[in-house]
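# Summary of the model geometry
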Amino acid sequence: MAPISIKTVLISESVDPRCKTILEEHGIRVTEKQNMKKDELIAEIKDYDGLVVRSATKVTADVINAANNLKIIGRAGTGVDNVDVDAATKKGVIVMNTPSGNTISAAELTCALLINLSRNVPQAAMSMKQGNWDRKKFMGAELYGKVLGIVGLGRIGKEVATRMQSFGMRTIGYDPITPPEVSDSWGVQQMSLEQLWPQCDYITVHTPLMPSTVGLLNDESFAKCKRGVKVVNCARGGIIDEAALLRALESGQCGGAGLDVFVEEPPKDRSLVNHPNVISCPHLGASTKEAQARCGEDIALQIVDMVKGRKLIGAVNAQVLASTFSQESHQLIKLGEAVGAVLQSCTTSKKPFSRVQITTEGDCMKSSTGYMTSSVLVGLLNHDSGCCPNLINVLSLAKESGIAVNQTHCASDGAASGVCKVEIVASGCSFKAGGSVQGGVPVLLELSDSVFRQPVSLTGNLLFFKASANPQLLSSVAGVLATEGVEIESFSAPADRTGDLWYCVGVSSLLRNLSALKPLVKEAAQLTI
């Protein structure tokens, strides 16, 4: 990936000082402004290239759309539910988090809540402070031999499992992504939620908050659990339906809950917080010195690595960029954008596009199909009104424009290896182009039915025209260009000399008006690459 320029970063929350230090050590200017209201953030963000937040700052579509220069949003922590990822993607802004920064801290707090639920430690401590000595009231239960259900078997779920197994708990779990054989290796038997609910003495959730996980534990699922089941949520408020949890606590179906997160933070409705069988914390999952230092340092290092073009870690909406950190990929991206730009220029009067087919050929292109597709689309859509495509947002922009995009890869046919072929359909007509990288430079091999004898170097000012072959064609075109004060720097003709074919002329500058060529050619287009 070509390095992304990040010169200024706004940190809108309390982040470990190492974050600012690392960014500034690499030439990035950092401004820290905390506790801004939405309107203040919208007014402030417009001049920054990057924004670093924790969980309190709500990076809404309004904030993102007000940020004219924004290229990256860095979340110093796990999860990005306080960021409108869809709006960021549409604007071409990378959203990044620190997936492992607070793993240990969140796992340890989960384990602490499980232990405290089993032995009523907070309630007993409070009773002691009130001058009481009530041993019978706080009778607990051993964790040994009990079943712990872990919903969400990512980094945190795994760490919780290994720690609670040391107490002799049997761990079972559910995760739609982690393969069962992987979780088996940590001692967690996977099963469906329908199988999991009835077996658990304790349940802990470690999923992101998304439509499929909102209210995952609700009246229906509580009814399927053992009576007296205890639950913990150190993930995101809303995964456990708070109203359903309160009803289950009141009925005794749920024997206790450990809550570090709430739908509304801080919660105005104190029904759960004040319930005698609830242990609650003010979102402390990542509130350790170690986690804060790790998250602050990680997000800064990830931004620096991206800016330096080294690697991309933690990006949640820019997977296409993951394999673009080599010189070869930079050249191929330039090729894709240039081929797309040529087709865009040569079909200006034929829009809108309805279909785009990108085909990569050769072993060296096998892993590049994803970013080649995006780079071609960037070239195709780059001059559309109100459109600012990049590799991050271009697929969604194409979809919004009603363009059907298909991509395939095939082995080389024995001719040139490493070829990108593009076919577009516009106004019912098909247009094709093919190119490759030769000597580190992107070149055009063919345009529609014209295969060039000498590949066209896709750099500088290029004039394409379609005409019938005749001995006077080049001299006639040269005369028009000379009249306009334009010099010819290169000329590429098709190998075939029959019919109407495309030619390319490298020129010192673009023509002020292509109509000067009208008497000589059937179609003409020009662009600067």
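First things first, this report covers the structure right here in the doc. No experiment lies behind these values; they were computed from the predicted model shown.

What counts, and at which threshold
Residues numbered from 1 in each chain as written. Predicted model: local features only at pLDDT ≥ 70, side-chain atom pairs only at ≥ 80, totals over all residues. Heavy atoms only, no water. Salt bridge = Lys/Arg side-chain N within 4 Å of Asp/Glu carboxyl O. Helix = DSSP H or I, 4+ residues; strand = E, 2+ residues; numbered from the N terminus. Buried < 20%, exposed > 50% of the residue type's maximum accessible area, 1.4 Å probe, protein only. Expected span 1.5 Å × (residues − 1). 1 Å grid on protein atoms, 1.4 Å probe; cavity = no way out; pocket = protein on both sides within 12 Å on 5 of 7 lines; lining within 4 Å. Points joined across faces, edges and corners; volume = space filled by probe spheres on them. Nonpolar A, V, L, I, M, F, W, Y, C, P; charged D, E, K, R; others polar. Axes fitted to C-alpha atoms, helices over the stretch in contact; angles between N-to-C directions. Parallel < 35°, antiparallel > 145°, perpendicular 65-115°, else oblique. Left-handed = near helix turned anticlockwise from the far one by under 90°. Contact = heavy atoms within 4.5 Å.

Take the pattern of salt bridges next. Opposite charge on two side chains makes pairing possible when the charged atoms of those side chains draw close. The final tally for this structure, using the stated rule, is 18 salt bridges. The salt bridge partner of Lys-33 is Glu-44, with a shortest N-O separation of 2.9 Å. Here Lys-33, found in the loop between strand E2 (29-32) and helix H2 (38-45), pairs with Glu-44, found in helix H2; they are 11 residues apart in sequence, far enough to count as distant. Lys-33 sits in the partly exposed class, given a relative accessible area of 34%.

Attention now goes to helix H5 (residues 103-119). Each α-helix winds once per 3.6 residues, and so residues spaced three or four apart point in a common direction. Taking 1.5 Å of rise per residue, 17 residues should cover 24 Å, and H5 covers 25 Å from first to last C-alpha, within 8% of that figure. Extensive coverage of H5 is indicated by the burial of 12 of its 17 residues. Looking one or two residues beyond H5, the residue adopting positive phi is Asn-120, at roughly 55°.

Summed over all chains, the structure comprises 1 cavity of 30 Å³ or more. Taken as a whole, the largest cavity holds about 40 Å³ of empty space. The wall of the largest cavity is formed by Asn-233, Gly-237, Gly-238, Ile-240, Glu-242, Leu-259, Val-261, Phe-262 and Leu-272. Of the residues belonging to the lining of the largest cavity, the class tally is 5 nonpolar, 3 polar and 1 charged.

We now examine unusual backbone geometry. Cis geometry marks the peptide bond from Glu-265 to Pro-266, where omega comes out at -5°. The phi torsion at Asn-120 lies on the positive side, around 55°, for a residue other than glycine. Secondary-structure assignment places Asn-120 in the loop between H5 and helix H6 (121-129). Residue Asn-120 is classed as buried on the basis of its relative accessible area of 19%. Backbone geometry places Ser-427, a non-glycine residue, at a positive phi of 50°. Tracing the backbone shows Ser-427 in the loop between strand E15 (419-426) and strand E16 (429-438). Here Ser-427 falls in the partly exposed class, since its relative accessible area comes to 48%.

It is at 7 Å that the axes of helix H1 (residues 17-25) and helix H12 (residues 289-307) come closest, and there the two elements cross at 20°. For the element pair H1 / H12, the angle class is roughly parallel. By crossing handedness, the relation of H1 to H12 is classed as right-handed. Listed contacts from H12 to Arg-18, Cys-19, Ile-22 and Leu-23 of H1 are Gly-296, Glu-297, Ile-299, Ala-300, Leu-301, Ile-303 and Val-304.

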